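Letter by letter, the chains look like this.
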Amino acid sequence: MYDAIIIGARCAGATTAMLLANKGYSVVALDRASFPSDTISTHIIKYPGVNQLQKWELLDEVVATNAPPLNQARSHFGDFLLSGTAPPEDGIPMIAPRRTVLDELLVDAAREAGAEIREEFVVRELLTEDDRIVGIKGQPKGGSPVTVRARFVIGAGGKNSLVARTVDPDTTKHHPPAAFYYYTYWAGLPDTGLEFHWRPGHFVLSIPTNDDLTCLVVGRPIDKQASFATDIESNYHEALQIAPDLADRVTGREPDEPYLGMAVPNYLRKPFGPGWALVGDAGLCMDPLKGHGISDAFCDAELLTNAIDAGFSDNEPLPQALDRYEQQRNTRKAGYFKRNWKASHLEGWDDPATLNLRAALRENQDQADLWAGTIAFSVAFDEFYSSEFVENAIESAA
């Protein structure tokens, strides 16, 4: 019997497996995919996640995959293009690797830590005894059905987590998707860093990633999704027109990969119960507009690991430790959840206060650099928006 079974072995699952194995626990992580393989993703690893990778001594490996550092942020709200140099924390830049690269790297790190990883393994159902989850039933590709038991079962399967669907946890916050997004990859575009273009009802994002590829994302309000899907290629290029320079770079060209689409619900679920826990998108999911998902998965993996370790080592009752995990997760994301949901409606960016603030930033490069880090990279968000500079800029717009 294992100490922990983890269903899902990507960002949340692989890191949880690695961290638990590093603490000496017997862990098996199960995933229906094989690695390397791709999954729909925002790519961006924000500063909290980059700092986690640094702490786990994995950042150099991610950087070595040739994903370019994200040092520059550019934005256009319909007034003018504003550029800033994002201030890296402790000299560490953000990065946006392909998931084909990142997930395999994390799976390898989990194996090196002593975790067992079973790829191409489909979990069919959870085992329950006396209202407690005690294991799983599943089947490896080409093999016979098996039963695996553990002291604890962790759902890391994202929005479609089997654990979440089975236990049906309380959901304290829930909003349906307000926007949808399509993206694909283009080779050989100039590296201009993260580039955001915002208009009411329109969003375009450019993300440099591995192998000289740029991920170009377009976003529209959810009520436009059905009509957009009738001709994805044409509507994608039409949506790019709010960013003429980006649109011109890809006009007449074929993308390097198929178009991928997503519309993501927003929810906050209770992340634990008798014999089970949720980590990553299985427990907390937000619209991908601001790219928090990977960093959230890393942070929550560590919080959950610490809680399980405290309970398994008898330092405190496990339910108490898991309750602390939930509170830490909720406290960390409370403000972002609300702001992200509001922003995902793709409106309100052209109000006079915002445009006046941008005009003031245009004349003050130091503040523009700080703004770039704040908007694009979520550095010191609250501190920046309560600063005297911002207050004076907005006041002058009244």
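In the block above lies the structure referred to throughout.
In this report, we go over the structure that sits alongside the text. (Residues numbered from 1 in each chain as written. Predicted model: local features only at pLDDT ≥ 70, side-chain atom pairs only at ≥ 80, totals over all residues. Heavy atoms only, no water.)

## Let's talk about the packing of aromatic side chains
All told, the structure shown has 14 aromatic pairs when counted by the stated rule. Where tyrosine 181 meets phenylalanine 203, the ring centres are 6.3 Å apart and the plane angle is 85 degrees; that geometry is what we call edge-to-face. Residue tyrosine 181 is located in strand β12 (residues 179-187), and its partner phenylalanine 203 is located in strand β14 (residues 202-209); the two are separated by 22 residues in the primary sequence. Judged by its relative accessible area of 2%, phenylalanine 203 falls in the buried class. Aromatic rings pair up to connect Phe77, Tyr181, Phe196, Trp198 and Phe203 into one cluster. One cation-aromatic arrangement involves arginine 98 over tyrosine 185; the distance from NZ or CZ to the ring centre is 3.8 Å. Arginine 362 extends its terminal NZ or CZ atom over the ring of phenylalanine 80, reaching a point 4.1 Å from the ring centre. (Phe/Tyr/Trp six-rings, centres within 6.5 Å; stacked < 30°, edge-to-face > 60°. Helix = DSSP H or I, 4+ residues; strand = E, 2+ residues; numbered from the N terminus. Buried < 20%, exposed > 50% of the residue type's maximum accessible area, 1.4 Å probe, protein only. Lys NZ or Arg CZ within 6 Å of the ring centre and 35° of its normal.)

## Quick word on the sheet that holds β14
Spatially, the seven strands line up as an open sheet ordered β5-β4-β13-β14-β15-β12-β16, and their pairing is mixed. The sheet is open, and its two edges are formed by β5 (81-85) and β16 (260-262), each paired on a single side. Ignoring strand direction, the axes of neighbouring strands in this sheet form an average angle of 15 degrees. Here β12 pairs with strand β15 (residues 213-221) via nine bridges, running antiparallel. For tyrosine 181, the partnering residue across the bridge sits in β15 and is glycine 219. Along the sheet, helix α7 (residues 232-239) contacts β12, β14 and β15; its crossing angle with β12, the most-contacted strand, is approximately 90 degrees. (Pairing = 2+ DSSP bridges. Axes fitted to C-alpha atoms, helices over the stretch in contact; angles between N-to-C directions. Contact = heavy atoms within 4.5 Å.)

## Some points on the sheet that holds strand β20 (residues 284-285)
Strand pairs in the sheet, formed through backbone hydrogen bonds, run parallel or antiparallel to each other. If you walk across this open sheet you meet the three strands as β11-β17-β20, and the pairing is antiparallel. Each edge of the open sheet carries a strand with a single partner, namely β11 (171-175) and β20. Sheet analysis places strand β17 (residues 266-269) next to β20, joined by two bridges and oriented antiparallel. Following the sheet pairing, leucine 268 is matched in β20 by leucine 284. Against the sheet, helix α10 (residues 318-343) contacts β11, β17 and β20, and its axis sits at roughly 165 degrees relative to β17.

## Focus: the pairing of β15
Here is the key point about a regular strand: its side chains alternate between the two faces of the sheet. The element β15 is largely enclosed, with a buried count of nine among its nine residues. Two successive antiparallel strands, β14 and β15, enclose a turn made up of three residues, where aspartate 211 displays a positive phi of approximately 60 degrees.

## Details of the environment of tyrosine 336
Here tyrosine 336 lies in helix α10. The class of tyrosine 336 is partly exposed, set by a relative accessible area of 21%.

## Overview of helix α11 (residues 352-362)
Restricting attention to buried positions, one finds in α11 the residues Leu357, Arg358 and Leu361. Buried residues of α11, seen end-on, are gathered within an arc of 100 degrees and therefore sit on one face of the element. (Arc of directions from axis to C-beta.)

## Observations regarding the pairing of strand β9 (residues 132-140)
Pairing analysis gives eight bridges linking strand β8 (residues 121-129) to β9, with the strands arranged antiparallel. Opposite valine 123, over in β9, you have glycine 138 as the bridge partner. Hairpin connection of β8 to β9: two residues between the antiparallel strands, including aspartate 130 at a positive phi of 50 degrees. Pairing geometry for β9 and strand β10 (residues 146-155), over four bridges, is antiparallel. Across the sheet, the residue bridging to isoleucine 136 is valine 148, located in β10. Counting the residues that bridge the hairpin from β9 to β10 gives five residues, and of these glycine 142 lies at a positive phi of roughly 75 degrees.

## Looking at the packing of helix α9 (residues 293-312) against α10
Helix-helix packing is described using two parameters, namely the angle between the two axes and the distance between the axes. Relative to each other, α9 and α10 sit at 160 degrees, their axes nearing to 8 Å. The angle between α9 and α10 falls in the class roughly antiparallel. Between α9 and α10 lies a crossing whose hand is right-handed. Contacts between α9 and α10 involve Asp296, Cys299, Asp300, Leu303, Leu304, Asn306, Ala307, Ile308, Ala310, Gly311 and Phe312 from the first element and Leu318, Ala321, Leu322, Arg324, Tyr325, Gln328, Arg329, Arg332 and Lys333 from the second. Residue classes in the contact of α9 with α10 are distributed as eleven nonpolar, three polar and six charged. (Parallel < 35°, antiparallel > 145°, perpendicular 65-115°, else oblique. Left-handed = near helix turned anticlockwise from the far one by under 90°. Nonpolar A, V, L, I, M, F, W, Y, C, P; charged D, E, K, R; others polar.)

## Let's talk about the pattern of salt bridges
A full pass over the atoms with the stated rule returns 18 salt bridges. In this structure, arginine 332 and aspartate 300 form a salt bridge, with 2.5 Å as the shortest nitrogen-oxygen distance. Note that arginine 332 is positioned in helix α10 and aspartate 300 in helix α9, a separation of 32 residues in sequence. A cluster of three or more residues bridged by salt bridges with shared partners is formed by Asp296, Asp300, Arg332 and Lys333. (Salt bridge = Lys/Arg side-chain N within 4 Å of Asp/Glu carboxyl O.)

## So, a negative patch on the surface
A cluster of acidic residues, Glu57, Asp60, Glu61, Asp108 and Glu112, forms a negative patch on the protein surface. For the negative patch, the elements supplying multiple residues, two or more each, are α3 (59-63) and α4 (99-113). You can see aspartate 108 is positioned in helix α4. Look at aspartate 108 and you get partly exposed, because its relative accessible area is 34%. (Patch = residues over 30% accessible without salt bridge, like charges linked within 9 Å, V, L, I, M, F, W, Y side chains within 5 Å. Areas by Shrake-Rupley, 256 points an atom, 1.4 Å probe, with all protein chains shown as cover. Lys, Arg positive; Asp, Glu negative; His and termini not counted. Charge placed at Lys NZ, Arg CZ, Asp CG, Glu CD.)

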